[in-house]
Amino acid sequence: MAKSDLKKLGQDVAWQDVTRGNTIVGSGTTREFNTGDWTNVAPVIDEEKCKQCLLCVPVCPDSCIAVKENKRQPIDLDHCKGCGICVKACPFNAITMEVKSNE
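Residues numbered from 1 in each chain as written. Predicted model: local features only at pLDDT ≥ 70, side-chain atom pairs only at ≥ 80, totals over all residues. Heavy atoms only, no water.

1. Looking at the overall build of the chain
Reasoning step 1: Of regular secondary structure, the chain possesses one helix and four strands.
Reasoning step 2: Overall, the chain shows an N-to-C arrangement of helices and strands of β-β-β-α-β.
Reasoning step 3: Relative to all contacts within the chain whose residues are 6 or more apart in sequence, the contacts with residues 24 or more apart total 68%.
Reasoning step 4: Looking at the chain as shown, the accessible area adds up to about 7,900 Å², and 51% of this sits on carbon and sulfur atoms. (Helix = DSSP H or I, 4+ residues; strand = E, 2+ residues; numbered from the N terminus. Contact = heavy atoms within 4.5 Å. Areas by Shrake-Rupley, 256 points an atom, 1.4 Å probe, with all protein chains shown as cover.)

2. Here we look at the confidence of the model for the chain
Reasoning step 1: When pLDDT is averaged across the chain, the result is 84; 78% of the residues are at 70 or more.
Reasoning step 2: The spread of mean pLDDT over the elements of the chain runs between strand 1 (residues 41–45), the lowest at 95, and helix 1 (residues 85–89), the highest at 97. (pLDDT = per-residue confidence, 0-100.)

3. Some points on the pattern of salt bridges
Reasoning step 1: The final tally for this structure, using the stated rule, is two salt bridges.
Reasoning step 2: For Glu47, the salt bridge goes to Arg72, with nearest N and O atoms at 2.9 Å. Of this pair, Glu47 sits in the loop between strand 1 and strand 2 (67–68) while Arg72 sits in strand 3 (residues 71–72), and the two are 25 residues apart along the sequence.
Reasoning step 3: Look at Glu47 and you get exposed, because its relative accessible area is 51%.
Reasoning step 4: The exposure class assigned to Arg72 is buried, which follows from its relative accessible area of 7%. (Salt bridge = Lys/Arg side-chain N within 4 Å of Asp/Glu carboxyl O. Buried < 20%, exposed > 50% of the residue type's maximum accessible area, 1.4 Å probe, protein only.)

And the structure:
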């Protein structure tokens with residue numbers, strides 16, 4: 001079973017009977033779906049180059065870069081889809097995209 005298996009929603013419906021658009025079937029479920037397995041690349045931060053400017057934080061469409069006590073935390077790779085926007089936002093070239101290893 002994939003980490004992003006939609007069966008976790010508890011919805012037993014065929015594709016022909018999916019809920020209408022804009023229907024919310026539950027709240028707070030995004031943490032249950034590890035969508036990071038949708039890609040084979042992931043951002044890697046070079047801690048020596050990183051200046052903690054935090055410019056990568058607001059551009060992440062999946063909010064995978066948290067801040068605690070004004071410091072960037074490690075990227076949440078369970079939810080990062082590998083879009084690379086953080087790489088483009090970093091003025092210090094501290095973030096690169098690398099191919100994930102097969103674990």
